[in-house]
Amino acid sequence: MTAEPRAGRTPSPLWTLGLFRNELVTTFRRWRTIALLGVLAAVPILIGISIRVETRGGSTAGGGGGEGPAFIAQITNNGLFLVFTALAVTLPFFLPMAIGVVAGDAIAGEANAGTLRYLLVAPAGRTRLLLTKYATTMTFCLVATLVVAVSAFAVGALLFPLGELTTISGTRIGFAEGLGRALLIALVVAASLTGVAALGLFVSTLTNSGIAAMATTVGLVITVQILDQIPQLHALQPYFFSHYWLSFADLMRDPVYWDDLVRNLGLQGLYAAVFGSAAWARFTAKDITA
């Protein structure tokens, strides 16, 4: 167990790493977190089995109607496309919901459980604690995305053939390059959730109810995505954090289209800076009573 720093002294880097480690262990030991990861892992399994059953008689996945993610028709030819399809399916709702639950509970959950004052007495320091909570949430973003990708790859390898890939541009790339692009896409998807994580952390500083913070964060994510589909709001939509989420598909072009990818990452950085600063301003001035 990491020794606590004495009062009046700045916590050492090793103590900070210990705090981060404890936060990670606490987060990933919760049954709620395990259940969320289980649901995320199950989505690719359901997609893969559904496509396998649908194409058993030789029909094309998606029915040829152009419905569903752009990669879905390619899954029967190459199981690696299940990774791209699963990420496209989970990104609009399942992944943001999971991130919203973890981020929304970060501060409010501690206050509700009566452990927030104990953490600050340690002393972790409010800024240090907030950064640790955000780092933990971002780690969960990465783990959750990789769970989807690894589950999809395993199912795709079991149910469908693997080999060279045909990009969206129509060119052929080797399996190793395709696997590298799949990993890069997973990293981009995880980075695309940076804004949601910061938003959830900010909401978490506004209340002492973890459930309220989680519900509010998830509700905001759903609301923004609904607004992103209304044509009359086209002038505002490029500023919604979800607008460029599916730009990761451009990594499967040859050559890669970087414009929307850069816009997405820049927008996520902006949301992280704005809501991260708002969370810091709120939390450092907040009267901690629990």
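Since the structure is predicted, the reported quantities are computational estimates derived from the model, not experimental observations. Per chain, the residues get numbers from 1 upward, laid out in the order the sequence is written. With the structure being a predicted model, the display of local features is reserved for residues of pLDDT at least 70 and the display and counting of side-chain atom pairs for 80 or more, all residues being used for whole-chain, interface and lining totals. Hydrogens and water molecules were not included; the side-chain quantities draw on all heavy atoms of the structure.

## Some thoughts on the nonpolar core
In terms of nonpolar packing, the biggest core is built from 73 residues, with Val83, Phe84, Leu87, Phe140, Ile185, Phe241 and Phe248 touching the most fellow members. In DSSP terms, a helix is any run of H or I states spanning at least four residues, a strand is any run of E spanning at least two, and both are numbered starting from the N terminus. Elements with a minimum of two residues in this core: α2 (31-54), α3 (81-90), α4 (94-113), α6 (126-159), α7 (175-192), α8 (194-204), α9 (210-227) and α10 (259-285). Looking at this core element by element, the count peaks at 10 residues for α6. Ignoring anything within four residues of it in the chain, the contact list for Phe248 reads Phe71, Phe84, Leu87, Ala88, Leu91, Ile185, Val188, Val189 and Leu261. As used here, the term nonpolar core means buried Ala, Val, Leu, Ile, Met, Phe, Trp, Tyr and Cys residues forming a set that is joined through side-chain atoms within 4.5 Å. Each residue is assigned to one of three classes by its accessible area relative to the maximum for its type, calculated with a 1.4 Å probe on protein chains only: buried under 20%, partly exposed between the two thresholds, exposed over 50%. We call two residues contacting when some pair of their heavy atoms lies within 4.5 Å.

## A word on the packing of aromatic side chains
Aromatic rings from Phe, Tyr and Trp, with only the six-membered ring used for Trp, were paired whenever their centres fell within 6.5 Å, and each pair was classed as stacked if the ring planes differed by under 30 degrees, edge-to-face if by over 60, and tilted otherwise. Under the definition given, this model contains 7 aromatic pairs. Each ring, one from Phe28 and one from Phe140, has its centre 6.0 Å from the other, and the planes form 45°; the classification is tilted. With a gap of 112 residues between them, Phe28 in helix α1 (residues 13-29) and Phe140 in helix α6 connect regions that are remote in the sequence. The exposure class of Phe28 is partly exposed, given its relative accessible area of 24%. When the centroid spacing of 5.9 Å and the interplanar angle of 15° are considered together, the rings of Tyr271 and Phe275 count as stacked. Pair noted here: Tyr271 and Phe275 are both in helix α10, with a separation of 4 residues, about one helical turn. Pairwise contacts between aromatic rings join Phe202, Phe241, Trp245, Tyr271 and Phe275 into one cluster. In this analysis the charged atom, NZ for Lys or CZ for Arg, is taken to sit over a ring once it is within 6 Å of the ring centre and within 35 degrees of the ring normal. Over the face of the ring belonging to Phe283 we find Arg126, whose NZ or CZ atom lies 5.9 Å from the ring centre.

## Thoughts on the environment of Arg21
Considering the arrangement of structural elements, one finds Arg21 in helix α1. In sequence terms Arg21 and Thr132 are 111 residues apart; their C-alpha atoms lie 9.3 Å from each other.

## Points about the packing of α6 against α8
Between the N-to-C directions of two axes lies an angle of 0 to 180 degrees, each axis being a line fitted to C-alpha atoms and, for a helix, fitted only over the stretch in contact. Between α6 and α8, whose axes approach to 10 Å, the crossing angle comes to 140°. When the axis of α6 is compared with that of α8, the two are oblique. For the pair α6 and α8, the crossing hand works out as right-handed. From α6, Leu130, Lys133, Tyr134, Thr137, Met138 and Cys141 reach across to α8, where they touch Thr194, Ala197, Ala198 and Leu201. Following the grouping adopted for this structure description, the nonpolar residues are Ala, Val, Leu, Ile, Met, Phe, Trp, Tyr, Cys and Pro, the charged ones are Asp, Glu, Lys and Arg, and the polar ones are all others, Gly among them. Split into classes, the residues belonging to the contact of α6 with α8 amount to 7 nonpolar, 2 polar and 1 charged. With respect to orientation, any angle under 35 degrees is reported as roughly parallel, any angle over 145 as roughly antiparallel, any angle of 65 to 115 as roughly perpendicular, and every other angle as oblique. Take the far helix as the reference: if the near one is turned anticlockwise from it by less than a right angle, the crossing is left-handed, and if turned clockwise, right-handed.

## Section: α3
Counting buried positions along α3 gives 9 out of 10 residues, so the element sits mostly inside the fold. Residues Phe81, Leu82, Val83, Phe84, Thr85, Ala86, Leu87, Ala88 and Thr90 constitute the buried set of α3. Buried positions along α3 lie against α2, α4, α6, β1 (165-166) and α7.

## Notes on unusual backbone geometry
Pro255 follows Asp254 through a cis peptide bond whose omega is 5°. Considering the arrangement of structural elements, one finds Pro255 in the loop between α9 and α10.

Function cannot be read off these values alone, since they describe shape.
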